[in-house]
Amino acid sequence: MTDFLQFGLPAQLTSALERMKYTKPTPIQEQAIPLALKGHDILGSAQTGTGKTAAFGIPLVAKILNNPRGNAIVLTPTRELATQVMTVITGLLGQRSFIQAALLIGGDSMHKQTAQLKMRPRIIVGTPGRINDHLERGNLILHDTNFLVLDETDRMLDMGFGIQIDRIVKFLPPVRQTLMFSATIPAEIVKMSAKYLKNPERIAVGAVNKPAVKIKQDIIHVGDSSKYDELSKQISERENGSIIVFVKTKRSADKLSERLNKQGYKADTIHGDLHQRKREKVIAAYRNMKFRILVATDIAARGLDIPHIEHVINYDLPQCPEDYIHRIGRTGRNGSEGSAVCFISPEDSMKWRAIHRLLHPNEAPPQMPRGAVSEHKPRKFGNKKPFSSNSSGKERAGNKGGNTGDNKRFARFPKRKPTPKAA
Ligand code: AMP
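For every chain, the first residue of the written sequence is number 1, and numbering continues from 1 along that sequence. Per-residue local features of the predicted model are confined to residues with pLDDT of at least 70, and side-chain atom pairs are confined, for both listing and counting, to 80 or more; whole-chain, interface and lining totals are unaffected and use all residues. The side-chain numbers reported here are obtained from all heavy atoms of the structure, hydrogens and water having been left aside.

J.: So what exactly am I meant to see when it comes to helix α4 (residues 79-93) here?
T.: What sets the pattern is the α-helix's 3.6 residues per turn: residues three or four places apart point alike. Counted at 1.5 Å a residue, the expected span for α4 with its 15 residues is 21 Å, and the 21 Å between its end C-alpha atoms agrees. Of all the residues in α4, the buried ones are E80, L81, A82, Q84, V85, M86, V88, I89, L92 and L93. Downstream of α4 by one or two residues, G94 has phi in the positive range, about 90 degrees. Numbering of helices and strands runs from the N terminus; a helix is a DSSP stretch of H or I covering at least four residues, while a strand is a stretch of E covering at least two. To estimate how far a helix should reach, multiply one less than its number of residues by 1.5 Å. Exposure is judged per residue with a 1.4 Å probe applied to protein chains only, and the accessible area is read against the type maximum: over 50% gives exposed, under 20% gives buried, and values in between give partly exposed.

This is how it looks when you write it as structure tokens:
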């Protein structure tokens, strides 16, 4: 007997949940699943890593299994996230399901996807650009698709994607159920979502626009010229767990990864200029712990669920404040602990203030040191919850209290003493 039984889900789905070892619904699932099963539209927010995928995936699969007519579509902002969502949905369908699902993402073979669409899949998961390509070519018919999910809703409704989403929605029947989820839903997105939703239920688990509670956050004021040395120091202090380093541009991602490798670290990079095959290979290798440090642009900021990521380093600050919450949410998944450190150079002060305002709307702006100061000492910012741990950043850097199972597995990474200066 699992707690999921209270929802009266189809037996096939209940067995799949058992196989996936989902024994108890998470808080967002507890709230969203019954409402979605009743047919309500939902605008849902919950912190990163708290099970939003299954919160929409479970009712989606239940509806597909219970109703031979309806079809479903899930839209995500990145190919990697679409692939991950597809993995969860196929897991929920179970191994021997006859229900067809198609993953429609850019960079993948059009031919293969067109062949998949000829099989009349009942579930589509994909990125907006490629889905529009198929719609324009007449490969994809959506007039029976009465269940729409916009994952990472705020990103999906921002300017670039908004137009694409509108195009897709025109192909959907007006009578449908729409679910929208994100960890961050700014007020203007709540307004914008109204045009897609009918009498929606608003679900907010935990504080809106707040990082997951178990992520320890530190900041380091650093001059541009000492950023790399600081990074090297921060990495060498972290003995266990995978690390993701976020940078601003594709070029700086490549350069940084190259420099780290030269210095003896095992690093690779992911950004939008890489071929899809390469992107898939990099993520698969990172998931399988073939290398420890992933240098990424914001393409990896949202949704990616890789439980052994214990550390997020914001080498450059994100352009949009909400992405700070998403970036650091790559750690601390599913209630585990994680650490996040943010480098702040003098040029970043405006961006940092915007992030601070998002996290602490009622507080005074943070004080920024004058000039290019490299303190080489992580500082807790604001000394406010959720940053209230009394240990120093330095102590935390060697923190062994994260995912202990994964820590053990990391014994396979040879411990290197990096040369103090980069080659
Ligand atoms: P998500 O926020 O959807 O990426 O989920 C974060 C992590 O929590 C993933 O690794 C999921 O497999 C896991 N997860 C989601 N729901 C449950 C559940 N009810 N029980 C156990 N693990 C879950």
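After that view of the structure, there is still more to cover.
J.: Quick question: what am I supposed to make of the site of the ligand here?
T.: Residue proximity to a molecule or strand is established when one non-hydrogen atom of the residue lies within 4 Å of it. In the neighbourhood of the ligand, 13 residues make up the surrounding shell, with Y22, K24, Q29, T53 and D305 lying closest. Within the side chain of Q29, a nitrogen or oxygen atom sits 2.8 Å from a nitrogen atom of the ligand. As used in this structure description, the phrase polar contact means that two N or O atoms lie within 3.5 Å; if the pair is within protein, one of them must be able to donate a hydrogen and the other to accept it, and residues adjacent in sequence are counted only when both atoms belong to side chains. Interatomic distance of 3.3 Å between a backbone N/O atom of T50 and an oxygen atom of the ligand. The fraction of the free accessible surface of the ligand (490 Å²) that becomes covered by protein chains is 83%. Looking at the shell around the ligand residue by residue, the class counts come to two nonpolar, seven polar and four charged. What fixes the domain bounds is an automatic or database domain assignment. Taken together, domain 1 (4-205) and domain 2 (215-359) each give at least three residues to the shell around the ligand, which thus spans both. Throughout, the Shrake-Rupley method with a 1.4 Å probe supplies accessible areas, and for residues the shown protein chains are the sole cover considered. In this classification, the charged set is Asp, Glu, Lys and Arg, the nonpolar set is Ala, Val, Leu, Ile, Met, Phe, Trp, Tyr, Cys and Pro, and all remaining amino acids, among them Gly, are polar.

J.: Which parts of the structure should I look at to understand the sheet that holds strand β4 (residues 123-126)?
T.: Strand pairing in a sheet is mediated by backbone hydrogen bonds. Such pairs are either parallel or antiparallel. Strand order in the open sheet formed by seven strands is β3-β4-β2-β5-β6-β1-β7, with parallel pairing between adjacent strands. At either margin of the open sheet sits one strand with a lone partner, and together these are β3 (101-104) and β7 (201-205). Strand-to-strand twist in this sheet, taken as the mean axis angle between neighbours without regard to direction, amounts to 15 degrees. Strand pairing is assigned whenever DSSP detects at least two bridges linking the two strands. In this structure, strand β2 (residues 71-75) lies alongside β4, joined through four bridges in parallel fashion. Paired with A72 across the strands is I123, a residue of β4. Angles shown run from 0 to 180 degrees and are taken between the N-to-C directions of axes, each axis being a line fitted to C-alpha atoms and, for helices, limited to the stretch in contact.

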